[in-house]
Amino acid sequence: MDNLLPKIPRNKALFVCTVCLISLFPIIKADPVLVSKECPDTNLSTTSTYAPNSTYQTNLNILFSVLSSNSNNASNGFYSFTAGSSPPDIAYGLFLCRGDVSVTVCRECVVFATRDAVERCPRSKRVTIWYDECMLRYSNVSISATLDTGFQAILYNPNKFENGTRLSEVLGEIMDDIGDRASSDDSGRKFATAKANYSLLQLVYGLAQCTPDISNSDCNTCLQSCISTFPTCCDTLQGARVLFPSCYVRYEPYLFFNANISAAPLPASPPPPSTTTTSNPASPPPPSTTTTTSNPGSGGDVSLQVITAIVVSIGVAIMLFIAGFCFLTKRVKKKYNCIKENNVRDDISAVESYDLGTIHFATNNFSNDNKIGQGGFGPVYKGLLPNGQEVAVKRLSGTSSQGALEFKNEVVLVAKLQHRNLVRLLGFCLEGEEKILIYEFVPNKSLDYYLFNPQQRAKLDWTRRFKIIGEVARGMLYLHEDSRLRIIHRDLKASNILLDGDMNAKISDFGTARIFGVDQTQGNTKRPVGTLGYMSPEYALHGQFSIKSDVFSFGLLVLKIISGKKNYNFYQDGAAGLVSYAWKLWTRGTPMDLMDPTLEGSYARNKVTRCIHISLLCIQDDPGARPSMATIVQMLNSDSTTLVLPQKPVFVDWSSTGSNRIEELESDQSTSSQAILNEASKGTIGDEI
């Protein structure tokens, strides 16, 4: 057996073993090389710098953490994020990795940059810093999707080519090509490389890249600004690069990018044979390959290539083992965390992820003509997907404090809620600073559009209104008891009830919804959110919410469906507000006077009276006295169910709050303003317009 093995000289065997042992230790990698930086605000003025432990520094730390954590899976080697919600302490940031580097190199560069930038530009609010492999930007003003050529950095190799005219021709060919391809890159990377013959023995390589968040036209504008600089700054020079915050261009006489990313060869004419080049001591030349041939007479010497192959094989095997171990460990940990966190994030297979380009196309770039609504969360647009499906696109505003992880959790949560009386979530888009939800399109707008519009309310006869009341009740019952998660909606109101093509009711807007545990009966918050006119007393004034606070909102909604009236500016028969008026009619024994006059002749008196009775039970001051949604559904479906007498509800005389404050509520947007709650501190409940 020994005779079958190659005989390796002792010194070479020692060399191989030494290399193998060394390969077992972690490889020490050099830090990314700084190329340039922009720190315009280094004078430590109060407007251009942040103080230690300030809100901006806190937001900046959050920004760095998010950027670093997303450098492993950022599409196109690019990611942007916004931390904070209150100007001027919002921290906007992004990174861009060179289009040819691996995910690992990208992550290492970004993580290093988040530390290095703070050391090189201490306390500066606005920083742009370039390395060979990546670029990092952050600022206290928005920088995403914005062309920025306000700062320019030029780097060049002082060594020159002998034939400057030839260089101009070659650069013209290369730059025109990569400029066009990068700005129109269908892959979304906005990255291109090329090479061309400078002489028989010399190639010139070029690279161009833009940040993917800017438009194709802006990318082309930016790259042309870079390219136009070369004739004045770098004529005949052997290498140069021009950097803008939004793009950069580079050329060298050697291969400076990953050879696996092929540089498109240009059909340039053959160069003159007499053209020569001068070696560049400042830049690495194209790598040469040296081959050592074994000597047959040396007793089986092993060539350097064989040794290298052995070392590389062992190193690759070790790396694969470590990578596999880490991968399995990460999967086990991730799976455990998903199970531990109430299975909220265990499956998003029911929800499709859309890219931002598709959403822009569907909504005609968020055109105002496509806008169909506006809320405290931001605007809603009608969209048409490439497959012809109509959708409603809910675009969360840039001031939303919701982070990427929380947003994804909400996507998964809503995806779990599948009921005919809930608006169905079709997908989401989480890209850069954009957080977008895509819902099924419900063509007949929202309930308030018909109830409070004199020209439209006649379309809702009593049969339709009673049907809508029952559908909303069943949807809320599903949220409270029948879904796998117990959900408190916290913002049930007429504008959040959408009507489909057959006028079926669908509950929407779960932006303020909360998950309750199986045995949990009540939650508390210091900042009530929702619409003040629908909030229960215990929630509006003390921050206590439960399924019974949703029941209170349902009761108010039923009163509005029956009467077609709002609470604001409602004065009739000495009652200030709809709740006050309903109670007064109930105690008089004339509840039918509450009914919308347009319903004359289309109603069943006992049904209307029963619904008013149920609504008054829902808006009682004592949460324990309010019925559950299961009981409400039974009351609506069975006239034989006996109803107890309601207790006197609380209500508000809005005239005591001041007309200016009422006007601020006219937009029907959700609110969390403690100031408004303070104005209603008499223990009474307000209403939407």
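Quick notes on the rules
- Residues numbered from 1 in each chain as written.
- Predicted model: local features only at pLDDT ≥ 70, side-chain atom pairs only at ≥ 80, totals over all residues.
- Heavy atoms only, no water.
- Axes fitted to C-alpha atoms, helices over the stretch in contact; angles between N-to-C directions.
- Helix = DSSP H or I, 4+ residues; strand = E, 2+ residues; numbered from the N terminus.
- Parallel < 35°, antiparallel > 145°, perpendicular 65-115°, else oblique.
- Left-handed = near helix turned anticlockwise from the far one by under 90°.
- Contact = heavy atoms within 4.5 Å.
- Nonpolar A, V, L, I, M, F, W, Y, C, P; charged D, E, K, R; others polar.
- pLDDT = per-residue confidence, 0-100.
- Disulfide = S-S within 2.5 Å.
- Buried < 20%, exposed > 50% of the residue type's maximum accessible area, 1.4 Å probe, protein only.
- Phe/Tyr/Trp six-rings, centres within 6.5 Å; stacked < 30°, edge-to-face > 60°.
- 1 Å grid on protein atoms, 1.4 Å probe; cavity = no way out; pocket = protein on both sides within 12 Å on 5 of 7 lines; lining within 4 Å.
- Points joined across faces, edges and corners; volume = space filled by probe spheres on them.
- Pairing = 2+ DSSP bridges.
- Expected span 1.5 Å × (residues − 1).
- Bend = angle between axes of the 7 residues up to and from the residue.

**Q** Please provide a residue-by-residue account of the packing of helix α11 (residues 462-482) against helix α16 (residues 629-637), values included.
**A** Where α11 meets α16, the closest approach of the two axes is 9 Å, and the angle between their N-to-C directions is 155°. In terms of orientation, α11 lies roughly antiparallel with respect to α16. Judged by the sense of rotation from one axis to the other, the crossing of α11 with α16 is left-handed. Along the contact surface, α11 presents Phe466, Ile469, Gly470, Ala473, Arg474, Met476, Leu477, His480 and Glu481, while α16 presents Met629, Ala630, Ile632, Val633 and Leu636. For the contact of α11 with α16, a count of residues per class yields ten nonpolar, two polar and two charged.

**Q** I'd like to hear about the confidence of the model for the protein chain, residue by residue, with values.
**A** The pLDDT averaged across the protein chain works out to 75; a share of 69% of its residues lies at or above 70. Taken as a whole, residues 517-521 scores under 50 in pLDDT and shows six contacts with residues more than four places along the chain or in a different chain. Across residues 523-528, confidence stays below pLDDT 50; counting only partners more than four residues off in sequence or on other chains, it has 22 contacts.

**Q** Please provide a residue-by-residue account of the state of the cysteines, values included.
**A** Scanning the entire structure with this criterion turns up five disulfides. Shown here is the disulfide that connects Cys109 with Cys134, its sulfur atoms set 2.0 Å apart. When the S-S torsion is -80°, as for the bridge of Cys109 with Cys134, the disulfide is left-handed. Of the two residues, Cys109 is situated in helix α3 (residues 103-120) and Cys134 in strand β5 (residues 134-139); the sequence distance between them amounts to 25 residues. Residue Cys109 shares its accessibility class with Cys134, and that shared class is buried.

**Q** Before we move on, can you summarise the environment of Thr236 with the specific residues and values?
**A** Position of Thr236 among the secondary structure elements: in the loop between α6 (230-233) and β9 (237-243). A C-alpha to C-alpha distance of 7.3 Å links Thr236 and Glu162, two positions 74 residues apart in sequence.

**Q** Quick one: what's the story with the packing of aromatic side chains, residue by residue and with numbers?
**A** Tallied over the entire structure, the rule returns twelve aromatic pairs. Where Phe112 meets Tyr131, the ring centres are 5.8 Å apart and the plane angle is 80°; that geometry is what we call edge-to-face. Note that Phe112 is positioned in helix α3 and Tyr131 in strand β4 (residues 127-131), a separation of 19 residues in sequence. In this structure, Phe112 and Tyr131 share a single accessibility class: buried. Consider the rings of Trp462 and Phe466, whose centres lie 5.9 Å apart with planes at 40°: the pair is tilted. Taken as a pair, Trp462 and Phe466 lie in helix α11 at a separation of four residues, close to a single helical turn. Relative accessible area serves as the criterion here: at 4%, Trp462 is assigned to the buried category. Overall, Phe466 belongs to the partly exposed group, its relative accessible area being 22%. An aromatic cluster is built from Tyr205, Phe256 and Phe257, whose rings are joined through pairwise contacts.

**Q** Give a description of empty space enclosed by the protein that names residues and reports values.
**A** Regions of empty space are outlined by a rolling probe, equal in size to a water molecule, passed over the atoms. Enumeration according to the criterion identifies six cavities of 30 Å³ or more in this entry. If you add up the space inside the largest cavity, you get close to 150 Å³. If you go around the largest cavity, you meet 16 residues; those closest to its centre are Trp130, Tyr131, Asp132, Leu243 and Tyr248. When its residues are assigned to classes, the lining of the largest cavity shows ten nonpolar, one polar and five charged.

**Q** How would you explain the sheet that holds strand β3 (residues 91-97) if you had to name every residue and give the values?
**A** Backbone hydrogen bonds hold the strands of a sheet together, and the pairing may be parallel or antiparallel. With antiparallel pairing, the five strands of this open sheet are ordered in space as β1-β4-β5-β3-β2. Because the sheet does not close on itself, it has two edges, and the strands there are β1 (34-38) and β2 (78-83). Direction aside, the axes of adjacent strands within the sheet are offset by 10° on average. Sheet analysis places β2 next to β3, joined by six bridges and oriented antiparallel. Bridge pairing in β3 places Phe78 opposite Leu96. Contacting β2, β3 and β5, helix α2 (residues 55-70) crosses the sheet at an angle of about 25° to β3.

**Q** I'd like a description of α3, backed by residues and values.
**A** Between its first and last C-alpha, α3 extends 25 Å over 18 residues, near the 26 Å set by a 1.5 Å rise per residue. Of all the bends in α3, the greatest, near 30°, is centred on Ala113. For α3, every residue scored as buried is listed here: Cys106, Cys109, Val110, Phe112, Ala113, Thr114, Asp116 and Ala117. Tucked inside the fold, the buried residues of α3 contact α2, β3, β4 and β5.

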